[in-house]
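What follows is each chain in one-letter form.
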Amino acid sequence: KKKSKEATRYRLPPGSRGWPLIGDSFSWYNAVAGSHPPQFVQQQVNRDLVGKNGVITVQGEQQRKLHGIASNMMRLEKLKFHFLDNIQLVMLQTLNKFDNNQVILLQDVCRKLAINLMVNQLLGASSETEIDEMAHFFSDFVDGCLSLPINFPGFAFHTAMKAREKIIRKINKTVEKHGEEESSEGGDGVLGRLLEEESLPDNAVADFIINLLFAGNETTAKTMLFAVYFLTRCPKAMLQLLDEQDSIRSNSSGGDGMLTWQDYKAMSFTQCVIDETLRLGGIAIWLMREAKHDVVYQDYIIPKGCFLVPFLSAVHLDENLYKGASTFNPWRWMEPENQEKRNWRSSPFYCPFGGGARSCPGAELSRLQIAIFLHYFVTTYTWEQLKEDRMSFFPSARLVNGFQIRLTSRHHLDSESL
Ligand code: HEM
């Protein structure tokens, strides 16, 4: 009785109900194949590949537990002690390799960088050879996440499943070693700390790590790339960011040319650039949810069991919320009236890292990685874009021509002008 009364008071939202069928998939494609398309492919998480016991794939109590562990491993205070120096180490190893005037595809470089960062931070590998060895498997794994799940030799998915086995073997070796001897504190990255501080069953440890790799790699790589893409198209923002980073470099009190936590905290304009990149080019375009019970929203009722798609980019690109919404304008985040909106943990208007029980546990880590990347990239090189490019989000987020640029080392420029 109560239900029918409610039904007369509330309307059903527009659109079809239930999980999308073939017909829906076409409308999806049409709706998204333009400029703000989907994470649809990525969202079709393949459990065989990413693992059945990781935070992304489990539900209920188990998800809450794993989400808590992941958030704890990557919270702000941990970053200061466990991640900041390592990120810089990998940055220097990966970015210092280029010759003066070398032509690169920045998309490939960011991908490699994000993979190296993951190997270092998840497994604790730090020497170049160790990182290179595992990066190869991580890379095959990441390719498989974006491919059709065809498990036959010759297909990317098959190669990824093989890579998954190799990664698990490496993880299991660390687990065994940890069981035999008291492993050194703080070593072995997230994996080492997971074994030290938490008590997950052995079969859940590998899936936990592989889930982080799946969720954290592509997202971070593309945000780094898009930040440089937007900066290249907005010279005023580029100059201001360079100015900030040059002054941080020259005033840094860190030894061996390494940045300190204070330096990171002083990157206020860089943070605006990151926020604006995530607003305009956030790669989590939509999320997927199922209503666990009837939900009343304004004068609508969303019945239990409905498949819901919160469209993050529709909010981020809403002209009523953001003046000049399609323009890259990092200065908007300095305006006092936008300070509350900017709080990505709680704002209903800005949620590049999702929200609620499944919000991104790697958000702070990825922001640190992106800021440190921007620091080393802009203070080491200038660049010239060689080919027109544009963003596309289908079948996955990317720049269609890979962002081809010619790098000039700034040290080289300095020594030439002497
Ligand atoms: C710029 C980079 C990143 C963006 C934009 C991003 C975005 C997101 C978003 C929107 C979600 C929520 C998905 C949902 O609600 O269905 C999410 C979840 C998640 N992210 Fe990130 N992420 C980033 C980097 C990372 C990194 C570096 C890691 C870890 C190393 C990570 C690990 C995760 C995990 C494990 C989840 C699933 C949480 C759960 O289901 O409980 N992310 N991310």
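Higher on the page you've got the structure.
Here is what the cut-offs are and how they apply
- Residues numbered from 1 in each chain as written.
- Predicted model: local features only at pLDDT ≥ 70, side-chain atom pairs only at ≥ 80, totals over all residues.
- Heavy atoms only, no water.
- Helix = DSSP H or I, 4+ residues; strand = E, 2+ residues; numbered from the N terminus.
- Buried < 20%, exposed > 50% of the residue type's maximum accessible area, 1.4 Å probe, protein only.
- Contact = heavy atoms within 4.5 Å.
- Areas by Shrake-Rupley, 256 points an atom, 1.4 Å probe, with all protein chains shown as cover.
- Axes fitted to C-alpha atoms, helices over the stretch in contact; angles between N-to-C directions.
- Parallel < 35°, antiparallel > 145°, perpendicular 65-115°, else oblique.
- Left-handed = near helix turned anticlockwise from the far one by under 90°.
- Nonpolar A, V, L, I, M, F, W, Y, C, P; charged D, E, K, R; others polar.
- Core = buried A, V, L, I, M, F, W, Y, C linked by side-chain atoms within 4.5 Å.
- Pairing = 2+ DSSP bridges.

**Q** Provide a residue-level description of the overall build of the protein, including the pertinent values.
**A** Scanning the protein from N- to C-terminus turns up 18 helices and 9 strands. Each of the 418 residues in the protein was classed as buried or not, and the buried ones make up 50%. Across the protein, contacts joining residues at least 24 apart in sequence account for 71% of those joining residues at least 6 apart. Summed over its atoms, the accessible surface of the protein is roughly 20600 Å², and 53% of this surface lies on carbon and sulfur atoms.

**Q** Just give me the short version of the packing of helix α9 (residues 156-180) against helix α10 (residues 189-197), but keep the residues and values in it.
**A** Orientation of α9 relative to α10, taken along the N-to-C sense of each, is 40°, at an axis distance of 11 Å. Here α10 runs oblique to α9, going by the angle between their axes. For the pair α9 and α10, the sense of crossing is right-handed. Across the interface between the two elements, Ile 171, Thr 174, Val 175 and His 178 from α9 touch Leu 191, Leu 195 and Glu 196 from α10. For the contact of α9 with α10, a count of residues per class yields 4 nonpolar, 2 polar and 1 charged.

**Q** Can you break down the nonpolar core residue by residue, with the values?
**A** Counting 116 residues, the largest nonpolar core has Leu 106, Phe 141, Phe 208, Phe 373 and Phe 377 as its most contacted members. Among the elements that take part in this core, helix α11 (residues 202-233) stands out by supplying 17 residues, more than any other. The residues contacting Phe 208, other than those within four sequence positions of it, are Gly 54, Leu 66, Ile 69, Ala 70, Val 190, Leu 194 and Leu 200.

**Q** Summarise the pairing of strand β9 (residues 404-409); cite the residues concerned and give the values.
**A** Note that strand β1 (residues 103-105) and β9 share 3 bridges and pair antiparallel. What sits directly across from Ile 104, in β9, is Ile 405. Sheet analysis places strand β6 (residues 381-385) next to β9, joined by 5 bridges and oriented antiparallel. Pairing of Thr 382 across the sheet is with Thr 408, part of β9.

**Q** How would you explain the environment of Glu 133 if you had to name every residue and give the values?
**A** Inspection of the secondary structure puts Glu 133 in helix α8 (residues 128-145). You can call Glu 133 partly exposed: its relative accessible area is 48%. The spatial distance from the C-alpha of Glu 133 to the C-alpha of Val 119 is 9.5 Å, given a sequence separation of 14 residues.

**Q** Kindly report on the sheet that holds β6, identifying the contributing residues and their values.
**A** Spatially, 3 strands are ordered β1-β9-β6 in an open sheet, and the strand pairing comes out antiparallel. The outermost strands of the open sheet, each flanked by one partner alone, are β1 and β6. For this sheet the average axis-to-axis angle between neighbouring strands, irrespective of direction, equals 40°. Helix-sheet contacts for helix α7 (residues 106-123) involve β1 and β9, and the interaxial angle to β1 is about 65°.

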